[in-house]
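If you want the building blocks of each chain, they are given just below.
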Amino acid sequence: MASRKRELGVFAHLNGEWAPAGLVTMLEDGSKIQGSQFAYGRRYIGRPDALPIVPTEIGEWKPNPDMMRDKEFIADEVTKLFGSIRDAAPDAWGRRVIESRLNQPANSLPESTYLMEAGHNRAGALDIRPDIQSPPLKTAGVHRLEYLLEAAARIEEGLPVPTGLQDIFEAGSGMGGMRPKASVTDAAGHLWLAKFPSLNERLNIPILETATLRLAKEAGLAVPDVRTECIQDKTIMMIRRFDREYSANDKEHRRHMISALTLLGCHESESPDKTYGDIADAIRRHGAPKQVRADQAEMYGRMIFNILVTNDDDHLRNHAFLWRPEGWSLSPLYDVVPRPSIGTERRLHLGVGNSGRSATIDNALTSYARFGLDLERAWEIIDRVYGVVRQWRTYFEAYNVPLSEIEKIASAFRHIDDVCTREARRQNR
Ligand SMILES: Nc1ncnc2c1ncn2[C@@H]1O[C@H](COP(=O)(O)OP(=O)(O)OP(=O)(O)O)[C@@H](O)[C@H]1O
Ligand SMILES: [Mg+2]
């Protein structure tokens, strides 16, 4: 198939309104992206509130009109697309929804199509449209969960979605991740993400993910509002969208968001070679200065939590950053699910310390300095997080997690003796 060049308009949500930000030119061969370029609009870079869409040639994200003007930024050889633009399209689930609407097979469409079809509820504060004059998509808002649940199940099964259930095409196209989900508004018009049960699952993941996020909040980590909804015999997890904020009159302000994949400048396939320490370094380099210490400590706490609950799906799309005028700051926590396991030696997806991805506190105690911590502060965080996680059963019972689910998930939770040697603990005075 011959390569095709496609030019798309990139818009940024500034102070509650869409503004044209620039043009992205993509070279594609069918579903394969071969390269892309981006140029900012002249008027856009003059705005004091302009959001950075690509880092400058020296790798800085801070908008710098001198480095943004009259320049064709070229995406690197490996990623082929600018990370923040890639993050404006779904990577998995939303693609299934788009394909269902367009009646096309999985992963068969060009990246530019996924970018344009991700819709009104897409992640973050960027929008991608056929050209720089295109108006934004209109949205119907509010969606009935029972219809979305049924429609999502049909999409998962590869069945067509009947007319009465097609709300999913708007509500479900925006977000990535593997699991079925949709964005819905509450009575005030504020956006939430609904995560549905997936077909043929042994565990009640929506209940367990909600309980785990609440446990993380008890352990002092930053967690969005979460709750469950029950529809017939199904549980749905509802999590507040942290990339949306609302002013007093309920006007929506979108927050510019990128994945850690983008902050680290890498391609999906490079994720397993990266470490929590790499994220801590990126926070030091690109973080809002006043936020760096707190974000690095929070990142360390999340790594400890993931070790203690065996959340080994901690890849670089499961960490995100939100833009502030001073730099990037860590987003609240999301997508944390304990994985029951029989093995005593467990690994996370990202590297933890000198022993690679090995999920132990000993390993985490080799890397605290990269997070701007000293030994005492590292232990404070470990003690705080373990102090809560060790009581997980009590918390889960209080959250009304059924006993059968508690038993099925129990082996995911680690006892300190399983993940920390006596020698390491002796350092904790
Ligand atoms: N509360 C939230 N607010 C805004 N964006 C969110 C929120 N929760 C998740 N996201 C975004 O949606 C994407 C998919 O969500 P999530 O990771 O929870 O789904 P998942 O299907 O469980 O993912 P995975 O395939 O990693 O298991 C995330 O990568 C993130 O970009
Ligand atoms: Mg995820």
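Bear in mind that the values here come from a model prediction, so they are computed numbers and not experimental data.

Calculation rules
Every chain's residues receive numbers from 1 upward, in the order its sequence appears when written. The lettering of chains begins at A and the numbering of ligands begins at 1, in the order of writing. Given that the model is predicted, a residue must reach a pLDDT of at least 70 before its local features are reported, and side-chain atom pairs must reach 80 or more before they are shown or counted; all residues, however, enter totals for whole chains, interfaces and linings. No hydrogens and no water enter the side-chain calculation; it runs on all heavy atoms of the structure. Here's how the labels work: a residue is buried when its accessible area is under 20% of the maximum for its type, exposed when over 50%, partly exposed in between, all with a 1.4 Å probe on protein chains only. By the criteria applied, helices consist of DSSP H or I runs no shorter than four residues and strands consist of E runs no shorter than two, each listed in order from the N terminus. Domain boundaries shown here were taken from an automatic or database domain assignment. Summed over both partners, the accessible area (1.4 Å probe) lost when two parts come together is defined as the buried area. Residue types Ala, Val, Leu, Ile, Met, Phe, Trp, Tyr and Cys, when buried and joined through side-chain atoms within 4.5 Å, form a set referred to as a nonpolar core. Contacts are assigned to residue pairs that have any heavy atoms within 4.5 Å of one another. Here a donor is an N, O or S atom found within 2.8 Å of the metal, or within 3.2 Å if the metal is Na, K or Ca; sites may look incomplete because water is not among the atoms. Any carboxyl oxygen of Asp or Glu that lies within 4 Å of a side-chain nitrogen of Lys or Arg is treated as forming a salt bridge with it. Any residue with at least one heavy atom within 4 Å of a molecule or strand is counted as near it. Throughout this description, a polar contact denotes any pair of N or O atoms lying within 3.5 Å of each other; where both atoms belong to protein, one of them has to be capable of donating a hydrogen while the other can accept it, and for residues adjacent in sequence the pair is counted only when both atoms sit in side chains. What sets the accessible areas is the Shrake-Rupley method with a 1.4 Å probe; for residues, cover comes only from the shown protein chains. Polarity classes work like this: nonpolar for Ala, Val, Leu, Ile, Met, Phe, Trp, Tyr, Cys and Pro, charged for Asp, Glu, Lys and Arg, and polar for all others, with Gly in that last group. For Phe, Tyr and Trp, where Trp contributes only its six-membered ring, two rings pair if their centres lie within 6.5 Å, and the inter-plane angle classes them as stacked under 30 degrees, edge-to-face over 60, or tilted in between.

Chemist: So what exactly am I meant to see when it comes to unusual backbone geometry here?
Modeler: Leaving glycine out, the prevailing phi sign among residues is negative, and the prevailing peptide bond configuration is trans. Of note, K80 is a non-glycine position whose phi angle comes to about 65°, a positive value. Here K80 falls in the partly exposed class, since its relative accessible area comes to 24%. One non-glycine residue with positive phi stands out, namely D335, at about 50°. Along the chain, D335 falls in the loop between β14 (327-330) and α12 (361-364).

Chemist: Just checking my understanding: could you explain the domain arrangement of the protein for this structure?
Modeler: Think of interface size as the accessible area that goes away when the parts come together; that is how it is often given. Assigned domains within the protein: domain 1 (4-129) and domain 2 (256-426). Averaged C-alpha coordinates put domain 1 and domain 2 at centres separated by 30 Å. Note on domain 1 versus domain 2: buried area summed over both sides is about 1500 Å², and carbon and sulfur give 56% of it. The largest share of the area that domain 1 buries against domain 2 comes from W61, R86 and D87, three residues that together contribute 34% of it.

Chemist: Quick question: what am I supposed to make of the nonpolar core here?
Modeler: In globular proteins that are soluble, nonpolar side chains generally tend to be buried together. By size, the foremost hydrophobic cluster in this structure holds 116 residues, and its most contacted members are F38, I53, I85, Y300, I361 and F396. Looking at this core, the element that brings in the most residues is helix α11 (residues 292-309), giving 10 residues. Looking at which domains feed residues into this core, each of domain 1 (4-129) and domain 2 (256-426) gives three or more. In this view, F396 contacts L208, A211, T212, L215, V401, I406 and F413; residues no more than four positions away in its chain are not counted.

Chemist: Is there a simple way to explain the coordination of the magnesium ion (ligand 2) in this structure?
Modeler: Any two of four tetrahedral donors ideally make an angle of 109.5 degrees at the metal, while pairs among six octahedral donors ideally make 90 or 180 degrees. Around the magnesium ion (ligand 2), the donor atoms from the protein are N318 (OD1) and D335 (OD), and they sit 2.1 Å away. Remark: D335 occurs in the loop between β14 and α12 and N318 occurs in the loop between α11 and β13 (320-324); sequence separation between them is 17 residues. Residues N318 and D335 agree in their burial class; the two are buried.

Chemist: For this particular structure, what's the right way to read the pattern of salt bridges?
Modeler: Opposite charge on two side chains allows them to pair when their charged atoms are near. If you walk through the whole model with that rule in mind, you get 33 salt bridges. Among the ionic pairs, D66 bridges to R69, the shortest N-O distance being 3.8 Å. Among the residues examined, D66 registers a relative accessible area of 64% and is labelled exposed. What makes R69 partly exposed here is its relative accessible area of 36%. With its nearest N and O atoms 3.4 Å apart, the salt bridge here joins E245 to R255. A residue pair is termed long-range when its members are at least 10 positions apart, and E245 in strand β10 (residues 244-246) and R255 in the loop between β11 (252-254) and β12 (257-259) qualify at 10 residues. Under the relative-accessibility criterion, E245 is labelled partly exposed at 40%.

Chemist: Teacher, can you tell me more about the side chain of E99 here?
Modeler: Examined against the element boundaries, E99 turns out to sit in helix α4 (residues 93-102). Taking the relative accessible area as the measure of exposure, E99 reaches 3% and is therefore buried. In contact with E99, other than residues within four places in its own chain, are Q104, P105, A106, N107, S108, L109 and Y114.

Chemist: Hey, could you run me through the environment of L81 in this one?
Modeler: Mapped onto the secondary structure, L81 falls in the loop between β4 (73-74) and α3 (83-86). For L81, a relative accessible area of 3% corresponds to the buried category. Along the chain, L81 and M175 lie 94 residues apart, while their C-alpha atoms are 18 Å from each other. Residues within four places of L81 in sequence aside, it is in contact with M26, I33, S36, A75, R86, E111 and L115.

Chemist: What should I look at first to understand the site of ligand 1 in this one?
Modeler: Not every one of the 20 residues close to ligand 1 is listed here, only the nearest: M178, R179, K181, K195 and D335. For ligand 1, an oxygen atom lies 3.0 Å from a polar atom in the side chain of N318. Within the contact set of ligand 1, an oxygen atom lies 2.8 Å away from a side-chain nitrogen or oxygen of D335. Taking 620 Å² as the accessible area of ligand 1 by itself, protein coverage stands at 91%. A per-class count over the shell around ligand 1 returns seven nonpolar, four polar and nine charged.

Chemist: What am I meant to see in the packing of aromatic side chains here?
Modeler: Centre distance and the angle of the planes are the two values used to describe a pair of aromatic rings. All chains considered together, the criterion is met by 13 aromatic pairs. Ring centres of F242 and Y334 lie 5.7 Å apart, and the angle between their planes is 40°; on these two criteria the pair is classed as tilted. With F242 in the loop between β9 (234-240) and β10 and Y334 in the loop between β14 and α12, the pair connects residues that are 92 residues apart, well separated along the chain. Here F242 falls in the buried class, since its relative accessible area comes to 16%. By relative accessible area, Y334 is classed as buried at 17%. Geometrically, the ring pair formed by Y395 and Y399 is tilted, given 6.2 Å between the ring centres and 35° between the ring planes.

Chemist: Honestly, the side chain of N363 in this entry has me stumped. Any pointers?
Modeler: Topologically, N363 is positioned in helix α12. Classification of N363 as buried rests on a relative accessible area of 2%. In this structure the side chain of N363 is engaged in a polar contact, spanning 2.9 Å, whose partner is the backbone oxygen of G356.

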